[in-house]
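One letter stands for each residue in the lines below.
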Amino acid sequence: MKSYISETDSMHYIYGDDTEAVLRTMAYRFMGNHPPMPFLLRAFHENGARRRKNGDAVLDFQQQFPGALLGDWGAAAGEMWCPEGKKSRFLVKCKSRTLVYLNRELILLCPGAGEYELTAKLHEGMNRLFLVSRKEAGFCCTLTNKMPQWEPCSYLMPFEERGGEAGFNFTLLKAEEADEKTAVNFFLRKSFWEKTEKETERVWLPAADVPRLPWKEAGQIWFAWTEVRAVPGTDLKKAWEELIRFLREQKEKNPCIRAVMIDGCRMDADDKESGCCRKPYQEHFRACCQISWLIRTEERTCGMTCPDWENSRWECRIPVEAKGNCGDVLFLGPLDCRAEEALMTWIPDRREFLTKPFRISDSGVFWRTKYPSVVIRPFAESCLFGRWTYPLGVTLYGMLQTGLYYEMQELIKYVRDSIEMVVMADRYAVYDREKYGFPGVNQQLLWMDALDDCGSFGSCMLEYLLNCMEACQKTFPDIRRAPRCGIGKSNVQTYAGEQDRYFKEEVQRIAGRIGRYILKEQIRNADGSFKRRDNSMWIDDMYMSVPFLIRYAEVFHDDNAIEEAVRQLLLYKKHFYFKPRAVKGSGHILSHMYKLEFEHANMIPWSRGNGWVVFSLSELLMRENPDVPMREELVSYFHDLCEGYLELQDEDGLWHQILDERDTYQETSAAAMFICAMSRGIRYGLLPEERTADFAESVFRAWNGLTKKAIDRKGNLYGVCQGSGWSYEREYYRVLEWNFNDTHGIGIVMLAGVETDRLKHYLTEE
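Fair warning: this is a prediction, and the values are worked out from it, not measured in the lab. Residue numbers here run from 1 along each chain, matching the order of that chain's written sequence. A pLDDT threshold of at least 70 governs which residues receive local features in this predicted model, and a stricter bar of 80 or more applies before side-chain atom pairs are shown or counted, although totals over entire chains, interfaces and linings include all residues. Water and hydrogen atoms were dropped before computing side-chain values, which therefore reflect all heavy atoms in the structure.

Section: the overall build of the protein
Reasoning step 1: A count of helices and strands for the protein gives 22 helices and 27 strands.
Reasoning step 2: Once the C-alpha set of the protein is aligned to its principal axes, its extents read approximately 90 × 75 × 55 Å.
Reasoning step 3: Residue burial in the protein is summarised as follows: out of 766 residues, 61% are buried.
Reasoning step 4: Any two residues having at least one pair of non-hydrogen atoms within 4.5 Å are treated as being in contact. Across the protein, every contact between residues at least 6 apart in sequence was considered, and the portion connecting residues at least 24 apart equals 76%.
Reasoning step 5: Accessible area for the protein stands at about 31,400 Å²; split by element, carbon and sulfur atoms hold 48% of it.
Reasoning step 6: Residues scored as charged are limited to Lys and Arg (positive) and Asp and Glu (negative), so that His and the chain ends carry no count. Throughout, a charge is located at the NZ atom of Lys, the CZ atom of Arg, the CG atom of Asp or the CD atom of Glu. Averaging the coordinates of the 101 positive side-chain charges in the protein and doing the same for the 113 negative ones gives two points 4 Å apart. Think of it this way: any DSSP run of H or I at least four residues long counts as a helix, any run of E at least two long counts as a strand, and we number them from the N terminus. Here the term buried applies to any residue with accessible area under 20% of the maximum for its type, exposed to any over 50%, and partly exposed to those in between, with areas from a 1.4 Å probe on protein chains only. Method for areas: the Shrake-Rupley scheme with a 1.4 Å probe, in which residue coverage is limited to the protein chains shown.

Some words on the packing of helix H16 (residues 559-576) against helix H18 (residues 631-648)
Reasoning step 1: Running from N to C, H16 and H18 cross one another at 50 degrees; their axes reach a closest spacing of 11 Å. In terms of orientation, H16 and H18 fall into the oblique class. Between H16 and H18 the crossing geometry is left-handed. Along the contact surface, H16 presents Val 566, Leu 569, Leu 570 and Lys 573, while H18 presents Glu 633, Leu 634 and Tyr 637. All axes here are fitted lines through C-alpha atoms, helices being fitted over the stretch that makes contact, and every angle between N-to-C directions spans 0 to 180 degrees. Under this scheme an angle from 65 to 115 degrees is roughly perpendicular, one under 35 degrees roughly parallel, and one over 145 degrees roughly antiparallel; angles in between are oblique. Handedness of a crossing follows from how the near helix is turned relative to the far one, being left-handed for an anticlockwise turn of less than a right angle and right-handed for a clockwise one.

Some words on the side chain of Thr 668
Reasoning step 1: Locating Thr 668 in the fold gives a position in helix H19 (residues 668-683).
Reasoning step 2: Engagement of the side chain of Thr 668 in a polar contact is seen with the backbone oxygen of Tyr 718, the distance being 3.0 Å.
Reasoning step 3: Excluding residues that lie within four positions of it along the chain, Thr 668 makes contacts with Leu 706, Ala 710, Leu 717, Tyr 718, Gly 719, Val 720 and Val 749. Two N or O atoms form a polar contact when they lie within 3.5 Å of each other; inside protein one atom must be a possible hydrogen donor and the other a possible acceptor, and for residues adjacent in sequence the pair counts only when both atoms belong to side chains.

Quick look at the sheet that holds strand S10 (residues 140-145)
Reasoning step 1: Taken in spatial order, the five strands of this open sheet run S2-S3-S10-S5-S8, and their pairing is antiparallel. The outermost strands of the open sheet, each flanked by one partner alone, are strand S2 (50-51) and strand S8 (114-122).
Reasoning step 2: DSSP bridges decide pairing: two strands pair if at least two such bridges lie between them. Pairing of strand S3 (residues 57-60) with S10 involves four bridges; the strand directions are antiparallel. Paired with Val 58 across the strands is Thr 142, a residue of S10.

Some thoughts on H16
Reasoning step 1: By definition here, a helix of n residues has an expected span of 1.5 Å times n minus one. Helix length check: H16, at 18 residues, gives a terminal C-alpha distance of 26 Å against a target of 26 Å (1.5 Å per residue), a fit within 8%.
Reasoning step 2: With respect to burial, H16 is a largely interior element, 13 of its 18 residues being buried.
Reasoning step 3: Sitting at the amino-terminal end of H16 is Asp 558, which places a side-chain oxygen 2.9 Å from the backbone nitrogen of Asn 560.

What about the packing of aromatic side chains?
The relation between two aromatic rings is expressed through the spacing of the ring centres and the mutual angle of the planes.
Reasoning step 1: In this scheme Phe, Tyr and Trp rings, the latter by its six-membered ring, pair at centre separations within 6.5 Å, and the angle between planes marks the pair as stacked below 30 degrees, edge-to-face above 60, and tilted otherwise. For the structure shown, the criterion picks out 51 aromatic pairs.
Reasoning step 2: Taking the centre distance of 5.4 Å and the plane angle of 80 degrees together, the rings of Phe 353 and Phe 366 count as edge-to-face. Of this pair, Phe 353 sits in the loop between helix H7 (337-344) and helix H8 (356-360) while Phe 366 sits in the loop between H8 and strand S20 (374-379), and the two are 13 residues apart along the sequence. For the pair Phe 353 and Phe 366, a shared accessibility class is recorded, and that class is buried.

A short note on the pairing of strand S5 (residues 86-94)
Reasoning step 1: Pairing geometry for S5 and S8, over nine bridges, is antiparallel. In the sheet register, Arg 89 faces S8, and the bridge partner there is Thr 119.
Reasoning step 2: Two strands pair when backbone bridges link them, and S5 and S10 are joined in this way by five bridges, in the antiparallel orientation. Its bridge partner lying in S10, Val 92 is registered against Leu 143.

Here's the deal with the pattern of salt bridges
Reasoning step 1: Salt bridges are defined by distance alone: a side-chain nitrogen of Lys or Arg within 4 Å of a carboxyl oxygen of Asp or Glu. A full pass over the atoms with the stated rule returns 55 salt bridges.
Reasoning step 2: Note that Asp 417 is salt-bridged to Arg 416, the shortest N-O span being 2.6 Å.
Reasoning step 3: Residue Glu 643 is joined to Arg 691 by a salt bridge in which the shortest nitrogen-to-oxygen separation is 2.7 Å. With Glu 643 in helix H18 and Arg 691 in the loop between H19 and helix H20 (692-709), this residue pair connects regions lying 48 residues apart in the sequence.
Reasoning step 4: Taking the relative accessible area as the measure of exposure, Glu 643 reaches 11% and is therefore buried.
Reasoning step 5: Among the charged side chains, a network of salt bridges with common partners joins Glu 463, Arg 551, Glu 554, Glu 619, Arg 623, Arg 680, Arg 683, Glu 755 and Arg 758.

Some remarks on the sheet that holds strand S25 (residues 600-601)
Strands in a sheet are paired, the pairing made by backbone hydrogen bonds, and the direction either parallel or antiparallel.
Reasoning step 1: The antiparallel open sheet is built from three strands, whose spatial order is S21-S24-S25. What marks the edges here is a single partner per strand, and that holds for strand S21 (536-538) and S25.
Reasoning step 2: Pairing of S21 with strand S24 (residues 593-595), which is carried by three bridges, proceeds in the antiparallel orientation. Paired with Ser 536 across the bridge in S24 is Lys 595.
Reasoning step 3: Contacts from H16 reach S21, S24 and S25, with the element oriented near 110 degrees to S21.

A short note on the confidence of the model for the protein
Parts of the model with low pLDDT should not have their predicted coordinates read in detail.
Reasoning step 1: For the protein, the mean per-residue pLDDT works out to 89, and 92% of the residues sit at or above 70.
Reasoning step 2: Model confidence for the protein, summarised as mean pLDDT per element, is weakest for helix H13 (residues 455-475) at 81 and strongest for H19 at 98.
Reasoning step 3: The predictor's confidence in any single residue is recorded as pLDDT, a number from 0 to 100. In this model, residues 272-278 is a region of pLDDT below 50 whose contacts with residues beyond four sequence positions or in other chains number 10 contacts.
Reasoning step 4: Here residues 475-493 is a poorly scored stretch, pLDDT under 50, and it has 29 contacts once near neighbours within four places are set aside; other chains count.

Structure, rendered in C-alpha cells:
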C-alpha cells in the first residue's frame, strides 16, 4: 500500500533503528507545537451573559433591555479565538426571529421560535459573532456548540475598550431602525463590525462599574492584594520611605485594618522609622513588591485603597496578568477566622492564585476587583496544554513512559506540569461551575457523563502519582521553588513539602470522584456491563475504564476495582468476540460496537477499538498481582486476540482501518497498541513461549513500518483515525478520515517505541 510519506522523508531514513532519537524528535515537536501556557485570566461581568452547565450561552435581551418594545432588536456581539481554521457545529435556540452572523456573513436565519443547527466555518485567529433577535413573544436566545465538553468555546467581548473581557456586549436597536425586510442587510453595515465601541456609534452593555469597596456589612473579614512598582528613575531608598510611611499612616487611621504585609512580612503599627527597624522588607530596597492587608469591616467605607497620592514614586497594578479592566487591587472575602490566620503569614504568589482561596477557607469565595460586578475568571485557551481530555490522557501517558525510560528530563517535566495544572485547578473549576454555570477550565472532568470524560486522563494522573512523582522530585529538586528569594533553605523545603502534599491530596480527591462515578454511577445493562446513554456499547470503553480501575485499586487498596475491571473485560468479550473469514487460524478479534435493540454487534472490526481492548488487557495482566480474578481466562483471551491480529498484519508490518479489509488505509494508533500488547505479552509470559519468535517479529516489523511509512523526519505522525462515532455500515468506517498529528496516536506511538526497545533488551538478556 502507498506510504503516507516518501522514503527519504521518513524517520527511518534519518535515524534507522535508533528508537530513542525517533521518540526524542516526536516529543520535541509536540512540546514545541503545544508549549506550556497558563490559564488566561479575564475580567467577567456578573450581570452580563451567563452560561448554563450544559454550555449554553444565554443571551437574555429582555433582562438587558427591560424597556424594549415589540419590534425592537437586541444584538449580542462576541468573539471566539480559533488556533486553526475548522468547522464547528452549533445549536441556536430562540424565542423569536433571530439572525446569526459570523465574520460579516449571515450564516443562519431563524424565522421564528425553535431550535436550529448550523455549521460555522471558523478561520484561524479571532472570529466575530453577532446574534440578533427581534422582540416578539419572547426576547432571548441561547448559543452552544454541539459538544461543549469536547470543544469548549470562550466568548470574548469584541471591542478594544473592553480589553479582552469574557462574555458578550449587548446593544438595542429600535424598531424604526430596521424592520423584518431590511434587518438582514442592516446588520452587515461596516459600523457594526468596527474594532471599537466608539466607531459603532452605539451604546453597548454591560456598562462600566463605578469603583467601590466590595463589602456590604460590618463584621466581615476581607483580604486585599496589590502590586506596586517604583516609577523608573526613582530613588529607591526615598521611595521605600514614602511607601512605608503611607502604609503606616493608613493603618493608624483605619482601625479596621488588622494587618498590612509587604511581600508577606507583617508591618506592625509601632514600627520604628524606616531604615531603623529590622523588618525583612526594609533590608533591601526593591523596585517591585506585593502589598496585602487584612480588614475586619466596621462600616462600608472602611479600609485602605491603593496608594494614590500625587507625584508618587510608586505605580499600582493588580498582581496577576489579566485581560480586561480589572483595576489595581484584588479582594478576597468574606472569609472565616481560619483564613485570616493563614493570610497573615502568606507570601503572595501568583502561582497560588487559583488554589489559595480554597486552601485557606471553605467559604466558597474567589478574587474580586474593585468594580462591584466584575470578577476574574481563568480560561483554558491553549489547544492542548492544561486541558483534560481522554486523547490527551493517552498522549501524556506515552510521553511520561518515554521520558522515564530514556531519562528525558524535559519531557517528564512537561508531562508533570500539564497534569498538575489541571489537578490544581479542580477546586476552582467546581466553584466556577456552581457559580457561573459552565466553567472556563476542566470542562470535561466536571461534565463526567461518560467514561470518556474521566477514565483515560484519570489513569494517567494516577500513573504519575504512583510511579513518577518521587523520580521527578529527585530529577528536579528545585521544581517547588518558594515564591520569593532570600527566605532560607529550610523554608524552601517546607514550601516544597506543602505543595507536594496538597497535590497528592487533590489527586486522591479527584480520583475518588472518578472512582465513585465508574463503580457506582456509570449506567449499565442488566448483566452489569457498561453502556452509553444512547443504549449502545463500544469496545473503546475498556480503555476508558480498565486502566483507571487498576491504578485506583492500587492507590485506595480497593480489590473491588480490580474485580470490576475483570468483570467488564469478560462481559464485553461475550458481546464483541468473533472470528471473521480473514482469520483462518485459532485467533479471534472484536466488533466495534453493539446497539442493544439490535441484539447483536455490528461485526465491523475497527482497528483502534481492538487496540483499546488488547492494550487494556496488557495493562491489567502485566501488574505484579497474582490474585487477579479469572487470570487464566484473561490470559487465554489475550493470547487469542494477539493470534487474530498477527494473522491480519500486512506486508508492511501494519494493520488497516478495518482489520479485515486490506483496501482501507493503514491505521497507526492501532498498530502502536498491538506493538505494546505483544511486547508486554512476551516479556510478562502472557504468550506461549514457543510463539515468542513469531510475536517478536511482528513487533519489530510493525515498528519498522511505522518509522518508514507513518512518521516523517520532523516527528509528524500520519494515519491516525479521527475520533469515531459508530455505524452498522462498513462504509462509515471506510470513509472515516485520518488526522495529521492526532492525539489519539502520538503518545501511544511513542509508548510503542519504548515497548519495542524493552523487547529488544529483554530478548538480548534472555
